[in-house]
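Coordinates in review
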Amino acid sequence: MLTIALPKGSLLEDSIQLLKDVGLDFSAFLESGNRQLQILDPTNTAKGLLVRAQDVPVYVEYGQAQIGIVGYDVLREKSPNVAHLADLKFGGCRLSVAVKDTSPYRRSLDIPPHSRVASKSVRCAREHFNALDLPVEIVPLYGSVELGPITGMSEAIVDLVSTGRTLRENGLIEIDVLFESTARLVAHPLSYRIGSDGITQLVDRLRDRVSCFASIQN
Amino acid sequence: MAVHRPPAGARDLLPTDVAQKVWIERRVRHVFEGWGYHRIITATLERLDTLLAGGAVDGETVMQVADEEGDRLGLRPELTASIARAAVTRLELDSGPERLFYNANVFRRYVNSPHGQQHEFYQAGVELLGAGGLLADAEILLLLADSVRSLGLDRPWLLLGEANLTRSLLDPFPPDLRSRVRRALANLDRVALEALDLSPALRDRALFAFDLRGRPQDVLSKLGSLDLDGKAKSALDNLKSLIDLLEDCSDRDFAAQTIVDLSSIQTFDYYTGIVFKLVSATESGLEIIGRGGRYDNLLELYHPQKKSYPGIGFVLDIEALHQVLLPTGKLPPRQPPSHWLVVPKSDRAYTAAFAYANKLRQSTHIVRVELADNDPENGDRLRDTARHRGIVQIAWVDTDGTVKIERLRS
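Residues numbered from 1 in each chain as written. Chains lettered and ligands numbered in written order. Predicted model: local features only at pLDDT ≥ 70, side-chain atom pairs only at ≥ 80, totals over all residues. Heavy atoms only, no water.

On to the overall build of chain A. A tally of helices and strands in chain A yields eight helices and eleven strands. Across its three principal axes, chain A shows a C-alpha extent of roughly 55 × 35 × 35 Å. Considering chain A as a whole, with its 218 residues, one finds that 51% of them fall into the buried category. Taking contacts inside chain A between residues at least 6 apart in sequence as the whole, the part at least 24 apart equals 63%. When the accessible surface of chain A is split by element, carbon and sulfur atoms take 48% of a total near 10,600 Å². When the 23 positive and 26 negative side-chain charges of chain A are each reduced to one mean point, those points stand 1 Å apart. (Helix = DSSP H or I, 4+ residues; strand = E, 2+ residues; numbered from the N terminus. Buried < 20%, exposed > 50% of the residue type's maximum accessible area, 1.4 Å probe, protein only. Contact = heavy atoms within 4.5 Å. Areas by Shrake-Rupley, 256 points an atom, 1.4 Å probe, with all protein chains shown as cover. Lys, Arg positive; Asp, Glu negative; His and termini not counted. Charge placed at Lys NZ, Arg CZ, Asp CG, Glu CD.)

With that settled, the discussion passes to the pairing of strand E7 (residues 157–162) of chain B. Residues and elements named next belong to chain B. Here E7 lies mainly inside the structure; six of its six residues are buried. Alternating positions in E7 separate into two faces, Trp157, Leu159 and Gly161 on one and Leu158, Leu160 and Glu162 on the other, with burial throughout. Bridging between E7 and strand E10 (residues 274–282) involves six bridges; their strand directions are antiparallel. Note on E10: the bridge partner recorded for glycine 161 is valine 275. Pairing between E7 and strand E9 (residues 258–261): three bridges, direction parallel. (Pairing = 2+ DSSP bridges.)

All names here are of chain B. Taken across its nine residues, E10 has seven buried, putting it largely inside the fold. Both E10 and strand E11 (residues 285–294) contribute to a ladder of eight bridges, which runs antiparallel. Across the sheet, serine 280 pairs through a bridge with glutamate 287, a residue of E11.

Right, let's get into the interface of chain B and chain A. Contacts between chain B and chain A engage 20 residues on the former and 15 residues on the latter. Summed over both partners, the interface of chain B with chain A buries about 1,500 Å², with 61% contributed by carbon and sulfur atoms. Looking at the side of chain B facing chain A, the largest losses of area belong to Leu188(B), Val191(B) and Leu286(B), adding up to 37% of the total buried there. If you look at where chain B meets chain A, you find one salt bridge. With a closest N to O distance of 2.8 Å, Asp261(B) and Arg193(A) form a salt bridge. Among the elements of the structure, E7, helix H6 (175–186), helix H7 (190–195), helix H8 (200–211), E9 and E11 of chain B are those that each provide at least two residues to the side of chain B that touches chain A. Partitioning the side of chain B that touches chain A into residue classes produces eleven nonpolar, four polar and five charged. (Buried area = accessible area lost by both parts, 1.4 Å probe. Salt bridge = Lys/Arg side-chain N within 4 Å of Asp/Glu carboxyl O. Nonpolar A, V, L, I, M, F, W, Y, C, P; charged D, E, K, R; others polar.)

Moving on, we come to helix H14 (residues 350–361) of chain B. Residue and element names in this part refer to chain B. Taking 1.5 Å per residue, twelve residues should reach 16 Å; H14 reaches 17 Å between its end C-alpha atoms and fits that length. Regarding H14, the residues found buried are Ala352, Ala353, Tyr356, Ala357 and Leu360. Looking straight down H14, one finds its buried side chains confined to an arc of 135°; they lie on one side. Those residues of H14 that are exposed and angled more than 90 degrees off the buried face are Thr351, Phe354 and Lys359. Looking at the buried positions of H14, the neighbouring elements they touch are strand E13 (340–344), strand E14 (369–371), strand E15 (393–397) and strand E16 (403–407). (Expected span 1.5 Å × (residues − 1). Arc of directions from axis to C-beta.)

On to the environment of Leu408(B). All names here are of chain B. Summarising the element assignment, leucine 408 is placed in the segment after E16. Relative accessible area serves as the criterion here: at 11%, leucine 408 is assigned to the buried category. Between the C-alpha atom of leucine 408 and that of leucine 165, which follows or precedes it by 243 residues, the distance is 66 Å. In contact with leucine 408, other than residues within four places in its own chain, are Arg383, Ala386, Arg387, Ile391, Val392 and Ile394.

Residue and element names in this part refer to chain B. Within the open sheet, the nine strands sit side by side as E1-E5-E6-E12-E11-E10-E7-E9-E8. Their pairing is mixed. Strands at the two margins of the open sheet, each flanked by one partner only, are strand E1 (38–39) and strand E8 (213–214). The strands that helix H4 (residues 133–150) touches are strand E5 (98–107), strand E6 (120–129), E7, E10, E11 and strand E12 (311–317); relative to E12, the one it contacts most, it runs at about 15°. (Axes fitted to C-alpha atoms, helices over the stretch in contact; angles between N-to-C directions.)

Another aspect to go through is the packing of aromatic side chains. For any two aromatic rings, the description comes down to two numbers: the centre-to-centre distance and the angle of the planes. Tallied over the full model, the rule gives seven aromatic pairs over all chains. Between Tyr72(A) and Phe179(A), the ring centres sit 5.4 Å apart and the planes meet at 80°, which makes this aromatic pair edge-to-face. Here Tyr72(A), found in helix H3 (residues 72–78), pairs with Phe179(A), found in strand E10 (residues 172–181); they are 107 residues apart in sequence, far enough to count as distant. Here the aromatic rings of Phe32(B) and Phe101(B) are separated by 5.5 Å at their centres, their planes lie at 55°, and the arrangement is tilted. Pair noted here: Phe32(B) is in helix H1 (residues 15–34) and Phe101(B) is in strand E5, with a separation of 69 residues, a long-range link. A connected cluster of aromatic rings, assembled from ring pairs, spans Phe32(B), Phe101(B) and Phe314(B). A cation sits over an aromatic face here: Arg108(B) above Phe121(B), 4.6 Å from the ring centre. If you follow Arg213(B) out to its NZ or CZ, it ends over the ring of Phe210(B), 5.7 Å from the centre. (Phe/Tyr/Trp six-rings, centres within 6.5 Å; stacked < 30°, edge-to-face > 60°. Lys NZ or Arg CZ within 6 Å of the ring centre and 35° of its normal.)

Take the sheet that holds strand E8 (residues 137–140) of chain A next. All names here are of chain A. Reading across the sheet, the five strands line up as E8-E7-E9-E6-E10 and stay open at both edges, with mixed pairing between neighbours. In the strand order of this sheet, the two ends are held by E8 and E10, each with one partner. Averaged over all adjacent pairs, the angle separating strand axes in this sheet is 25°, with direction ignored. Pairing of strand E6 (residues 93–100) with strand E9 (residues 156–161) involves six bridges; the strand directions are antiparallel.

Let us now look at the domain arrangement of chain A. Residues and elements named next belong to chain A. What the domain assignment reports for chain A is domain 1 (2–91 + 182–217) and domain 2 (93–180). Centre-to-centre, using C-alpha coordinates, domain 1 lies 30 Å away from domain 2. On the domain 2 side, the residues contacting the eight residues of domain 1 number nine residues. Among the residues domain 1 hides against domain 2, the three largest losses belong to Asp73, Arg76 and Glu77. Together they make up 67% of the total. Connecting domain 1 to domain 2 are zero salt bridges. Along the contact surface separating domain 1 from domain 2 lie five residue pairs in polar contact (both at pLDDT 80 or more). A breakdown of the residues in the side of domain 1 that touches domain 2 according to their chemical character gives one nonpolar, three polar and four charged. (Domains from an automatic or database assignment. Polar contact = N/O pair within 3.5 Å; in protein donor to acceptor, adjacent residues only side chain to side chain.)

Okay, the side chain of His322(B) next. Looking at the secondary structure, you find His322(B) in helix H13 (residues 318–325). Residues within four places of His322(B) in sequence aside, it is in contact with Gln20(B), Ile24(B) and Leu331(B).

Structure follows, in structure tokens:
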């Protein structure tokens, strides 16, 4: 039976809707009292695993889930060995550099060398500043990265931005975009190559659904 | 006080592990020998440039050592380079193909990996050197099937690609994009393919190649509908004939479990013909238990006059086979017990006990005999220990050489 890893958090609702559109119903994960981490779809054709977004590629890489849905930002940060099968087009956001709006910095290169930059995406942040040949200290944080500049711990942050409201409300402005991110369909490479348990058909159905949806929007 | 631990990634094999490992190795070796393959043992240490010459090994993943002259040496990460080096300089490949097999440990260094992955592995494999063409390709795949059948493995999957055919499919791409298309295929990154700056016709071709996998007949007929050049056509014909031959020669199971997958390639040019992986489905997921392919450009790299010979081979991953076989209950659950326990009744009976033990060992089969000192106070403890270790016969030896045999009831 196919196992699908689903990310907790902002991508969950759209992920479940997409799977529902192709006939797999995991909406029990969305019910308010839900404590289950693993459920069977009512047609008994697939199993859903509810895991942290960062853990989705881990379960898929090790083959405990054959398919997963996860943001491109997580894939960039962890570069797991998984098959990247489709851009699902939802969950759009960007990984950006932001500073206090009162600071004089208006692009990454304005930030003085050896400044501190707080981020949850340590690897992406390091790559960005390495590419600019700008030596900075990356401070790893696990949440509320905006507090870095507010408390004075760091001059800048590298963080995911979707609407920009959180930044504005905390007196921060976005000065550079590292990359745009959307939800991605990933798969365990060997399972995808062998194509057992109807994985190929499911992936095709998901891909069709996404492209059909995208053409309606255009 | 210092506690001596093995280095991270190292592993000791205790007698039961060894018994299970040997169980696997004996079976596959028996098959290799039956097909006329001879064992070769090459040096564990090689010059680093020998290991890297084929282009398939990344120097960073080799455990390096410096010799007394300061030359860079490495612990072999695989055997094909060593065998190619030894074969072209020491064997008579001109007088006919050489069939070689090996059963050896290999070493791998993990770069930037905090996870403490294992770095010593055991492999068993074959190389068929100096033989090209359909017959040699089929021999290797049928030998692979035979080897895993000897282990009683149920229906593993064979992922079969053709490096030349994939290369031909990529020929129409502009050179600067070709390696990116190839990397996206090998890494199964369809999103990257879609994002490449390609003409609609080339994008369709790239996605066609990406999606080209499945039952041999389906894939072959899809490929037949393409407009292929001469080189690609002959590679396709060869693949077709190979699949037909496999279906006719092997039991149906093996052929039925074949998946042709043209994106199952390496990002580097090493293989020059068929390339394959053998995958076993276990309860905890899929495991690659073997891999191999044709490498017709490798041997000339090692030949003093750069003379070229075809080559093809495969390697079985003993650890992966062990993992797959363990839950099946086929592996011996523990080290084999001794057949006899010989106990001298007193210290004056030592000579007679050694003599009797030697007599027991004189047999065409292995008879395992161990000795233990008598404990006159407590003979039952000796019996319990023997029973616990699976020994069923005790020979009590007296000073004058008389022997009393006792059969233990379990």
